[in-house]
Amino acid sequence: MSKQLLFIPGPVTVTEPVLAAMGKPMIDHRGPEFKVLLESIARKLKPVFGTSGDVVVLGSSGTGGLEAAMTNMFGPGEKVLCCPVGVFGDRFAEIARTWGVDVEVLPTAWGHGVDAQALKARLDADAKREIKGVILTHNETSTGVQNVMGPLADAIRAHGALVLVDSVSGLAASEFTMDAWGFDVVVAASQKALGVPPGLAMVAVSPRAWEKMERAGGPRYYFDLRKAREFAAIGQTPATPPVSQCFAMDVALDRYAASGPENVWARHQLYTNGIIAAAQTLGLELFAQPGVRSVTVTALDVPAGIDGDAIRKTMRVERGFVLGGGQGRLAGKIIRIGTMGDISQTDVLGMLGALEMELLGAGLKIHVGSGVQAALRVFLEASQINAA
Ligand SMILES: *Cc1c(COP(=O)(O)O)cnc(C)c1O
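Residues numbered from 1 in each chain as written. Predicted model: local features only at pLDDT ≥ 70, side-chain atom pairs only at ≥ 80, totals over all residues. Heavy atoms only, no water.

Draft legend 1. Highlighting the nonpolar core. Counting residues in each nonpolar core, the largest one holds 60 residues, and the members touching the most others are Leu-45, Phe-49, Leu-119, Leu-136, Phe-183 and Met-202. No other element matches the eight residues that helix α10 (residues 243-259) contributes to this core. Residues in contact with Phe-183, not counting those within four places in the same chain, are Leu-136, Met-149, Ala-153, Val-163, Val-165, Phe-176, Met-178 and Ser-206. Counting residues in hydrophobic clusters, the runner-up holds 35 residues, among them Ala-278, Ile-306, Ala-375 and Val-378. (Core = buried A, V, L, I, M, F, W, Y, C linked by side-chain atoms within 4.5 Å. Buried < 20%, exposed > 50% of the residue type's maximum accessible area, 1.4 Å probe, protein only. Helix = DSSP H or I, 4+ residues; strand = E, 2+ residues; numbered from the N terminus. Contact = heavy atoms within 4.5 Å.)

In structure tokens, the structure reads:
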């Protein structure tokens, strides 16, 4: 099958106008056109992060953005409290350890979000203020968990630690209010909810974080955010940027604003609600707990006796729907369905129908069509079409 729809949590299916922008002729990255482009992107990203502070654009995947955040903010011997809820949170902690940062982990069972009370209790116990930073994941792509950020922000505020947030797969899919929450460095990437091909990391930095970076941090060169800021002031990046991705990002940000962010958030929530309704009707368990379910990726437990990887393979090869598998210790145990990018309600319904066919073919006892119907009802209700 040549036509493929990506239901993975990044990279995502890219809209035609954004793809077309990638085909523009190259420009001088130290010339006046690029200056206009970079400033446009940085300006339009601010409301997406919910900040009036700086947003720095890096030529990198999301992980580079995480590395930039950690190495610019913290150095060897400084203590941070990492709050991982899955593979990507573990990765953020691993980056810290690699740079000699002293990592303490606040443990959370996978499938759950960070417990705000446990976080507050740990910080309250830190009377000497040894913890310099709190490290959070907004949306944990490996488990389909989206932390509820407001209560976590409230739990940290009185302590005063700097807050680093991985929102790579969260930003732009739901409301994000960096300044109101008091976050200091927030990282996103192009290939997730903003629907741009991979290659750009976006890092939002608070005034307090810039100050900290001047005083300390680990060794850094390519990802030196101070240097990125210096160059941004003259409309450039320190090294050659992925110019085509910048063209695409500018168009994607215009489309995001034109759609109305609330509508974009509602679309992600609606697709997720449709998939959850289908899963529940089919008797498939959701890996993430109620209340912390992600709007960008839904993780389904693979039913006993079913080979999840085989299902994903036929979905991709024979049906043209690419689904995600489990990562780390969840390999083979879950199927992850991404809802970011250029997909429609009918794409979601088609994917669910194909999934039902594969589950039935694999021997699972389901009332075929019931999952699609459940999702259809969710969509009809949202369109205020009477389904009765
Ligand atoms: C995708 C993702 C990343 C970064 O991955 P890259 O492959 O480096 O872009 C980091 N954190 C989360 C939560 C992600 O979903």
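Let's pick the thread back up.
Draft legend 2. Fine view of the packing of aromatic side chains. By the definition in use, this model includes six aromatic pairs. Arranged with centres 6.2 Å apart and planes meeting at 50°, the rings of Phe-176 and Phe-183 form a pair that is tilted. Residue classification places Phe-176 among the buried residues on the basis of a relative accessible area of 2%. Judged by centre distance (5.6 Å) and plane angle (45°), the rings of Trp-181 and Phe-183 are tilted. Accessibility assignment for this pair places Trp-181 and Phe-183 in one class, buried. (Phe/Tyr/Trp six-rings, centres within 6.5 Å; stacked < 30°, edge-to-face > 60°.)

Draft legend 3. Spatial organisation of the sheet that holds strand β3 (residues 79-82). The mixed open sheet is built from seven strands, whose spatial order is β2-β10-β9-β8-β5-β3-β4. What marks the edges here is a single partner per strand, and that holds for β2 (54-59) and β4 (102-105). Neighbour-to-neighbour, the strand axes of this sheet turn through a mean angle of 20°, independent of strand direction. Two elements, strand β8 (residues 162-166) and strand β9 (residues 185-189), share three bridges in a ladder whose sense is parallel. Directly across from Asp-166, in β9, lies its bridge partner Val-187. Contacting β2, β5 (131-137), β8, β9 and β10 (200-205), helix α3 (residues 62-73) runs over the sheet at an angle of about 165° to β9. (Pairing = 2+ DSSP bridges. Axes fitted to C-alpha atoms, helices over the stretch in contact; angles between N-to-C directions.)

Draft legend 4. Main features of the sheet that holds strand β13 (residues 334-338). Read from one edge of the open sheet, four strands run β1-β12-β13-β11, paired in mixed fashion. In the strand order of this sheet, the two ends are held by β1 (5-7) and β11 (297-301), each with one partner. Adjacent strand axes in the sheet meet at a mean angle of 35°, parallel and antiparallel pairs treated alike. In the sheet, strand β12 (residues 321-325) pairs with β13 via two bridges, with the strands oriented antiparallel. Opposite Gly-324, over in β13, you have Arg-336 as the bridge partner. Strands in contact with helix α12 (residues 308-317) are β12 and β13; relative to β12, the strand with the most contacts, it is inclined by about 155°. Helix α13 (residues 345-361) contacts β1, β11, β12 and β13 of the sheet and is inclined by roughly 70° relative to β12.

Draft legend 5. Looking closely at the domain arrangement of the chain. Structurally, the chain comprises domain 1 (5-9 + 260-382) and domain 2 (17-258). Once you take the C-alpha centre of each, domain 1 and domain 2 turn out to be 28 Å apart. Between domain 1 and domain 2, the residue contacts involve 24 residues of the former and 24 residues of the latter. In terms of surface lost to domain 2, no three residues of domain 1 exceed Trp-265, Val-292 and Gln-327, which account for 26% of the buried area on that side. At the surface where domain 1 touches domain 2, the tally comes to zero salt bridges. For the pair domain 1 and domain 2, the number of links is 13 residue pairs in polar contact (both at pLDDT 80 or more). With four residues, helix α11 (residues 261-282) is the single largest residue contributor to the side of domain 1 that touches domain 2. (Domains from an automatic or database assignment. Buried area = accessible area lost by both parts, 1.4 Å probe. Salt bridge = Lys/Arg side-chain N within 4 Å of Asp/Glu carboxyl O. Polar contact = N/O pair within 3.5 Å; in protein donor to acceptor, adjacent residues only side chain to side chain.)

Draft legend 6. Molecular detail of the packing of helix α2 (residues 32-49) against α10. Put simply, α2 and α10 touch, their axes get as near as 9 Å, and they point 45° apart. Classed by the angle they form, the pair α2 and α10 counts as oblique. The two elements α2 and α10 cross, and the hand of that crossing is left-handed. Residues Phe-34, Leu-37, Ser-40, Ile-41, Lys-44, Leu-45 and Val-48 of α2 form the contact with α10, whose own contacting residues are Val-243, Cys-246, Phe-247, Met-249, Asp-250, Leu-253, Asp-254 and Tyr-256. (Parallel < 35°, antiparallel > 145°, perpendicular 65-115°, else oblique. Left-handed = near helix turned anticlockwise from the far one by under 90°.)

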